[in-house]
Amino acid sequence: MQVEITVNGQQRSDDVEPRLLLVHYLREVCGLRAANVGCDTTSCGACTVLMKGPGEVGGGTSVKSCTVLTVQAAGQQVTTAEGLAANGELHPVQAAFRQEHGLQCGFCTPGMVMAAVGLLVENPHPTEAEVREGLEGNFCRCTGYHNIVRAVLAAADGAAASGTAGGERAEVSA
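Parameters at a glance
- Residues numbered from 1 in each chain as written.
- Predicted model: local features only at pLDDT ≥ 70, side-chain atom pairs only at ≥ 80, totals over all residues.
- Heavy atoms only, no water.
- Helix = DSSP H or I, 4+ residues; strand = E, 2+ residues; numbered from the N terminus.
- Buried < 20%, exposed > 50% of the residue type's maximum accessible area, 1.4 Å probe, protein only.
- Contact = heavy atoms within 4.5 Å.
- Pairing = 2+ DSSP bridges.
- Axes fitted to C-alpha atoms, helices over the stretch in contact; angles between N-to-C directions.
- pLDDT = per-residue confidence, 0-100.
- Disulfide = S-S within 2.5 Å.

Visitor: Outline the overall build of the protein chain, listing residues and values.
Guide: In terms of helices and strands, the protein chain carries five helices and five strands. Dimensions along the principal axes, computed over C-alpha positions, put the protein chain at roughly 45 × 35 × 25 Å. Per-residue burial for the protein chain yields a buried fraction of 45% across its 174 residues. Sequence-distant contacts, at least 24 apart, represent 62% of the contacts inside the protein chain between residues at least 6 apart.

Visitor: Requested: an account of the pairing of strand β2 (residues 10-15), with residues and values cited.
Guide: Two elements, strand β1 (residues 2-7) and β2, share six bridges in a ladder whose sense is antiparallel. Bridge pairing links I5 to R12 in β2. Counting the residues that bridge the hairpin from β1 to β2 gives two residues, and of these N8 lies at a positive phi of roughly 50°.

Visitor: An account of the pairing of β1 is requested, with residue identities and associated values reported.
Guide: By the bridge criterion, two bridges tie β1 to strand β5 (residues 77-79) in an arrangement that is parallel. If you follow T6 over to β5, its bridge partner there is Q77.

Visitor: For the environment of A151, give the residues involved together with the corresponding values.
Guide: Looking at the element boundaries, A151 is found in helix α5 (residues 146-162). When its relative accessible area of 0% is taken as the criterion, A151 is described as buried. Separated by 50 residues in sequence, A151 and H101 place their C-alpha atoms 7.7 Å apart. Excluding its chain neighbours within four sequence positions, the residues that come into contact with A151 are A96, F97 and E100.

Visitor: Hey, could you go over the sheet that holds β5 for me, with residue numbers and the actual values?
Guide: The strand order β2-β1-β5-β3-β4 describes an open sheet built from five strands, whose pairing is mixed. The sheet is open, and its two borders are formed by β2 and β4 (61-64), each paired with just one other strand. The average undirected angle you get between the axes of adjacent strands in this sheet is 40°. Pairing between strand β3 (residues 48-52) and β5: three bridges, direction antiparallel. Its bridge partner being in β5, K52 is matched across the sheet by Q77.

Visitor: Tell me about the confidence of the model for the protein chain, residues and numbers included.
Guide: A low pLDDT means the predicted coordinates there should not be read in detail. Across the protein chain, the average pLDDT comes to 90, with 91% of residues at 70 or higher. Below pLDDT 50 for its whole length, residues 163-174 participates in 37 contacts with residues either more than four positions away or in separate chains.

Visitor: Provide a residue-level description of the state of the cysteines, including the pertinent values.
Guide: Counting across every chain of the model gives zero disulfides. C142 takes part in no disulfide bond, and the closest cysteine sulfur to it belongs to C105, at a distance of 3.8 Å.

In structure tokens, the structure reads:
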């Protein structure tokens, strides 16, 4: 089946099997490695990406790509962690994760960053409790979450200081 999807700002047209999961499309067809395969059951969030439909305003909605078929993403804009940086500069959420040591082994980090971007687009000024609730579906087995929560709050604070909603760049999802 032929699908047209915009991935990280690049329009793509690919022939895929109707049952191909979006995470496998991103990794195997597009050659992108940020969306990790952790569980295939939406339990871990390592595969989280942003998806935005035609005419949808904002950066998109965070989705777990292990339970979205590639054909369901046809006509959509998909952003992975690789697509967040612009002009060699980290996205504010990526920079905050780095600054606040919000990662350890790094396996969950791309999904956690994408979930955080999605959360901040929906709620640019979350409380600590709202950040914890917003990241609830993303598991980290290494950090204990404290630095991750600090990173999301720091990104929100930085965004408030710079006037960008939720750390969102002018064009988060390309």
